[in-house]
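# Structural features, examined
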4 protein chains.
Amino acid sequence: MNAAPNLQVQSRDDDSAKRRQILEGARRVFMDLGFDGASMGEIARAAGVSKGTLYVYFTDKNALFEAIVEKECHDHGITALDIESKDAGSALRQLGQAYMEVLCRPEGGSAVRTVMAIAERMPDLGRQYYGNVPATWFGKLADYLRTQVKAGHLVIENCDLAAAQFMLACQATLFLPFIFQVRPPPSSEQIATVVDSATRMFLAAYRPPGK
Amino acid sequence: MNAAPNLQVQSRDDDSAKRRQILEGARRVFMDLGFDGASMGEIARAAGVSKGTLYVYFTDKNALFEAIVEKECHDHGITALDIESKDAGSALRQLGQAYMEVLCRPEGGSAVRTVMAIAERMPDLGRQYYGNVPATWFGKLADYLRTQVKAGHLVIENCDLAAAQFMLACQATLFLPFIFQVRPPPSSEQIATVVDSATRMFLAAYRPPGK
Amino acid sequence: MNAAPNLQVQSRDDDSAKRRQILEGARRVFMDLGFDGASMGEIARAAGVSKGTLYVYFTDKNALFEAIVEKECHDHGITALDIESKDAGSALRQLGQAYMEVLCRPEGGSAVRTVMAIAERMPDLGRQYYGNVPATWFGKLADYLRTQVKAGHLVIENCDLAAAQFMLACQATLFLPFIFQVRPPPSSEQIATVVDSATRMFLAAYRPPGK
Amino acid sequence: MNAAPNLQVQSRDDDSAKRRQILEGARRVFMDLGFDGASMGEIARAAGVSKGTLYVYFTDKNALFEAIVEKECHDHGITALDIESKDAGSALRQLGQAYMEVLCRPEGGSAVRTVMAIAERMPDLGRQYYGNVPATWFGKLADYLRTQVKAGHLVIENCDLAAAQFMLACQATLFLPFIFQVRPPPSSEQIATVVDSATRMFLAAYRPPGK
DNA sequence: CATGAATGAGGATTCATTCAT
DNA sequence: CATGAATGAATCCTCATTCAT
């Protein structure tokens, strides 16, 4: 996807190998331990660089954390999904599955948890994450629902509300046990089952009587 | 539980008073700042006792935190709600409203956030909270749904799943903006609106055809 | 002199034994090594306390340094000297001697040097020291000179200027070699000789012709 | 001076150019911030070279600082002043003025302050500066005074002492307020006034009675 | 039991110095 | 020769914990 030519030099500003290496190491540590629990020493070790090097690329712990969150925002934002042309059942299933896969991504630590945890002390980060992750998914679905309503395939008063209802219903029995460490991250199959149930409930509720 | 006579004078009541005082102060600080962000000094100040006294009642910071979480588990666990005899609409509305009021309780800090944040490092606490708070609410609803299904008022395959769907649908547009500091805690009226919508969706989906 | 009753408790605010102990140790280190050269660890060792204890009594390194300078200001400010009733020769000799003894006090490090060194970065401290130490000595002499002029014993246009001229002439060959580590602190006898010469020069210049 | 063509081969001249460039940048930083306060990074930036280059020309921070002080010693040493043939009044005024201009040179930072500050930890530097700066000025005046005494124009017992008295009297109300950041560097006019007063005092004291 | 002074290990950050390019 | 990325020791400061009173 990234078709950037990337000729020229690779300045340290944005894209050096070392910078990525640090971000990768830091992500793991921050997501596992939280902002306060993560120490710069641990991060340096995880990234395979010296403590001093961290400060060559990021002015301080906050800046490094912000960079991580920004990256997560980008990575977890809505992916290019072509649902517009699909029927409601397929569209809902596809969106729900994709969203849940992102939320429960098992690759070490959870961004939702980490950002949620710090949101009281760093409200800007909380807002940024919310705006870039849940809001984009919910918004995409709301838009889709509006076209379906216009086309007469669904009957919904408040599409934003309905979109949120569906997305949250997709979490059902999976997300909380995962986030509270009661169960390991759900498999794609488990997600599929729960998403399917949410889809059926949603359509049963919002499909026009005759259909 | 602890029926030990606790010789000497210093009856348990005296202990308990101070203990409660500490717990109260510590709760605020922990919920506002998180486990790592809270310092024992701050807690002592908030509780109005000396730092040393903290260690008379709790062996260390972890133990104090655990006691707080335990208390929150108890306080936020399901309250005595008599829904068994009610019709589905009333029961769902009442449960949904009560659950959301607990989740979004504005009185300083959020327990969900705080426990979720630490769950990776203290899985036992995460499990305990999950088991005592969401699981009891979801379970209560699941039980109710089962009776309704038996009575023929509802048609549901998996009542545990359906219960979770409903409870999460009640969060819809309210919980995430609150927890990510995008919006202040929702009012009871806002909650009522969203819960009402979830209730109607749920019943539309799970009520038997003829009804 | 300090007639304060000092009953009551000795709060940590101003006068505890530990605070004095820290100030004493810190004075040596700061005066020997300068503000930047002195480390809190070294200070703690010199004071015989732990690093943490330093921060119980002083909020940070700056505050500790300021306290030291303040103390030096007080200790080096003009001492109670009764010169008003004396003839010019005695008065000048006594003041000059006392001032030089303060400036060249050999007890480890020099406050003048240390404060002068930091004055560019902490102008307030520089001003405070100047106002409390040299300015008070110079001012005391200027006042005395004015009474002598009024009494007709001296003829001076600008007494502030003349006072400074005398005080600095007293340094002559002693202060710079001392401060630049060319020679050890001068003895009282050496000071007396140089002060005597300054006195004779001063009087030869400012005594009215006939006398 | 440097008329070398500066082609290719990197002759010493090229080195010297860069070396001078470094010294110039380092001087400003050292004099503004002091030895400890100055960082090699800041110096590199001020000199417009890379940090690594610093170490090509100077083995370490100490060596660079020593080179700076040496240069200051040279620059602030007595300038070629032809006072031998002049009358005492002119000679004193000219010397006093020139010395004070050097001491209070406002072009960023003060060498006296910086060297004085470090003299306890680097006594050699202190001695070097003292020997090259104040001592040369004082010495030059002492020599001059001796010729005047021989010629019968002045009556002075100890010419070294008298020279120091005069030079310090020239500082009077100007130097300390400047060095302690109480007042900005004095203007040439202010210096002239104070030097004039010192000259008159000095001559009034040391001119033979009849004259 | 209650206190708060004292501790020292640990964390974030800076900076002189090195070295591969 | 010139560079600047990388290092790790050292610094300031915080905080959980202990202990004498």
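Refer to the structure above for everything that follows.
As a convention, each chain's residues are numbered from 1 in the sequence order in which they are written. Whichever chain is written first is A, and whichever ligand is written first is 1; the rest continue in order. Reporting of local features is limited, given that this is a predicted model, to residues whose pLDDT is at least 70; pairs of side-chain atoms are given and counted only at 80 or more, and all residues count toward the totals for whole chains, interfaces and linings. Side-chain measures here rest on the full set of heavy atoms in the structure, leaving out hydrogens and waters.

### Focus on the overall build of chain A
Along its length, chain A carries eleven helices and zero strands. The helix and strand labels rest on DSSP assignments: H or I over at least four residues marks a helix, E over at least two residues marks a strand, and numbering proceeds from the N terminus. When the helices and strands of chain A are placed in sequence order, the string is α-α-α-α-α-α-α-α-α-α-α. Taking the principal axes of the C-alpha coordinates as reference, chain A spans close to 70 × 45 × 30 Å. Relative accessible area decides the class of each residue, using a 1.4 Å probe on protein chains only: under 20% of the type maximum gives buried, over 50% gives exposed, and in between gives partly exposed. Per-residue burial for chain A yields a buried fraction of 49% across its 211 residues.

### Thoughts on the environment of Asp160(A)
Following the sequence through the fold, Asp160(A) ends up in helix α9 (residues 159–171). Contact criterion: two residues are considered in contact whenever any of their non-hydrogen atoms come within 4.5 Å of each other. Once residues within four sequence positions are removed from consideration, Asp160(A) is found in contact with Ala142(A), Arg146(A) and Thr173(B).

### Focus on the relation of the copies chain A and chain B
Aligned on chain B, chain A shows an RMSD of 0.4 Å; the corresponding rotation is 179 degrees and the shift along the axis is 0.1 Å. On the angle and the small slide along the axis, the relation comes out as a two-fold axis. Identified as the residue of chain A closest to the rotation axis by C-alpha distance is Ala205(A), at 2.1 Å. Take the interface residues of chain A: 100% of them recur as interface residues in chain B, which is what a same-surface contact looks like. Copies are brought into register by a least-squares superposition over C-alpha atoms of residues with pLDDT of at least 70 in both.

### Some words on the interface of chain C and chain D
On the side of chain D, 47 residues touch chain C, which itself brings 47 residues to the contact. Just to be clear on terms, a salt bridge is a Lys or Arg side-chain nitrogen sitting within 4 Å of an Asp or Glu carboxyl oxygen. Between chain C and chain D we count two salt bridges in total. For the salt bridge of Glu120(C) with Arg113(D), the shortest nitrogen-to-oxygen distance reads 2.7 Å. Counted as a polar contact is a pair of N or O atoms within 3.5 Å, where, for protein atoms, one must be capable of donating a hydrogen and the other of accepting one, and residues adjacent in sequence contribute only when both atoms are in side chains. Where chain C touches chain D, the interface holds eight residue pairs in polar contact (both at pLDDT 80 or more). Broken down by secondary-structure element, the contributors of at least two residues to the side of chain C that touches chain D are α1 (17–37), α6 (111–118), α7 (123–132), α8 (134–150), α9 (159–171), α10 (175–179) and α11 (188–206) of chain C. Ranked by residue count, the leading element in the side of chain C that touches chain D is α11(C), at nine residues. For this classification, the nonpolar set comprises Ala, Val, Leu, Ile, Met, Phe, Trp, Tyr, Cys and Pro, the charged set comprises Asp, Glu, Lys and Arg, and every other residue, Gly included, is treated as polar. Counted by class, the side of chain C that touches chain D contains 30 nonpolar, eight polar and nine charged residues.

### A look at the interface of chain A and chain B
Between chain A and chain B, the residue contacts involve 47 residues of the former and 47 residues of the latter. Throughout, the accessible surface (probe 1.4 Å) given up by two parts as they are put together, summed over both, is called the buried area. Summed over both sides, the interface of chain A with chain B buries roughly 4000 Å², with 71% coming from carbon and sulfur. Along the contact surface separating chain A from chain B lie two salt bridges. Counting the contacts that link chain A with chain B gives eight residue pairs in polar contact (both at pLDDT 80 or more). Secondary-structure elements contributing two or more residues to the side of chain A that touches chain B are α1 (17–37), α6 (111–118), α7 (123–132), α8 (134–150), α9, α10 (175–179) and α11 (188–206) of chain A. The greatest single-element share of the side of chain A that touches chain B, amounting to nine residues, is contributed by α11(A). Taken together, the residues that form the side of chain A that touches chain B break down as 30 nonpolar, eight polar and nine charged.

### Some remarks on the relation of the copies chain C and chain D
Two copies of a chain can be linked by a rotation about an axis combined with a shift along that same axis. At an RMSD of 0.3 Å, chain C and chain D line up after a rotation of 179 degrees and a shift of 0.0 Å along the axis. A shared interface surface links the copies, since 100% of the contact residues of chain C are contact residues in chain D too.

### Thoughts on helix α2 (residues 40–47) of chain A
Residue and element names in this part refer to chain A. When α2 is considered as a whole, its buried residues turn out to be Met40, Ile43, Ala44 and Ala47. Taken down its axis, α2 places every buried residue within 100 degrees of arc, on the same side. Each element contacted by the buried residues of α2 is listed here: α1, α3 (51–57) and α4 (61–76). A positive phi of about 70 degrees marks Gly48, the residue just after α2. The directions considered for the arc are those from the helix axis to the C-beta atoms.

### Brief notes about helix α8 (residues 134–150) of chain D
Helix span, as expected, comes to 1.5 Å for every residue beyond the first. For α8(D), spanning 17 residues, the distance from its first C-alpha to its last is 24 Å, which sits close to the expected 24 Å at 1.5 Å a residue. The set of residues buried in α8(D) consists of Pro134(D), Trp137(D), Phe138(D), Lys140(D), Leu141(D), Ala142(D), Tyr144(D), Leu145(D) and Gln148(D). Where α8(D) is buried, its residues contact α10 of chain C together with α4 (61–76), α5 (88–103), α7 (123–132), α9 (159–171) and α11 (188–206) of chain D. Note on α8(D): the residue one or two positions beyond its end, Gly152(D), has a positive phi of about 85 degrees.

### Considering unusual backbone geometry
Phi at Gln181(A) takes a positive value of approximately 65 degrees, unusual for a residue other than glycine. By the element assignment, Gln181(A) lies in the loop between α10 and α11.

### Topic: the arrangement of the chains
No interface is formed between chain A and chain D, the nearest pair of C-alpha atoms being 13 Å apart. Between chain B and chain D there is no contact, and the shortest C-alpha to C-alpha distance separating them is 33 Å.

### Looking at the side chain of Thr114(D)
All names here are of chain D. Following the sequence through the fold, Thr114 ends up in helix α6 (residues 111–118). One polar contact links the side chain of Thr114 to the main-chain carbonyl oxygen of Ser110, over a distance of 2.8 Å. Thr114 has contacts with Phe30, Met31, Gly34 and Phe65, leaving out every residue within four places of it along the chain.

### Digging into the pattern of salt bridges
One side chain can pair with another of opposite charge once the charged atoms of both are near each other. Counted according to the given criterion, the structure contains 40 salt bridges over all chains. Note that Asp196(A) is salt-bridged to Arg200(A), the shortest N-O span being 3.1 Å. Within this pair, Asp196(A) and its partner Arg200(A) are both found in helix α11, separated by four residues, close to a single helical turn. Classification of Asp196(A) as partly exposed rests on a relative accessible area of 24%. Note that Arg27(C) and Glu72(C) form a salt bridge whose closest N and O atoms lie 3.8 Å from each other. Of this pair, Arg27(C) sits in helix α1 while Glu72(C) sits in helix α4 (residues 61–76), and the two are 45 residues apart along the sequence. Among the charged side chains, a network of salt bridges with common partners joins Arg93(A), Asp196(A) and Arg200(A).

### With respect to the state of the cysteines
A pair of sulfur atoms, both from cysteines and within 2.5 Å, is called a disulfide here. One pass over the structure, following the stated rule, counts zero disulfides over all chains. Among the cysteines around Cys73(A), which has no disulfide bond, Cys104(A) carries the closest sulfur, lying 17 Å off.

### A closer look at the packing of aromatic side chains
The aromatic pairing rule takes the rings of Phe, Tyr and Trp, using the six-membered ring of Trp, and pairs them if the centres are within 6.5 Å, calling planes under 30 degrees apart stacked, those over 60 edge-to-face and the rest tilted. Applying the stated criterion to the full structure yields 40 aromatic pairs over all chains. Measuring from ring centre to ring centre gives 5.6 Å for Tyr129(A) and Phe180(B), while their planes differ by 40 degrees; the resulting arrangement is tilted. Note that Tyr129(A) is positioned in helix α7 and Phe180(B) in the loop between α10 (175–179) and α11 (188–206), a pairing that runs across two chains. Side by side, Tyr129(A) and Phe180(B) carry an identical accessibility label, which is buried. Arranged with centres 5.0 Å apart and planes meeting at 65 degrees, the rings of Phe35(C) and Phe65(C) form a pair that is edge-to-face. One end of the pair, Phe35(C), is in helix α1; the other, Phe65(C), is in helix α4, and 30 residues separate them in sequence. Taking relative accessible area as the criterion, Phe65(C) reaches 0% and is therefore assigned buried. In our convention, an over-ring charge means Lys NZ or Arg CZ found within 6 Å of a ring centre and within 35 degrees of that ring's normal. If you follow Lys61(B) out to its NZ or CZ, it ends over the ring of Phe35(B), 4.7 Å from the centre.

As far as function goes, none of this settles anything; it's purely spatial.
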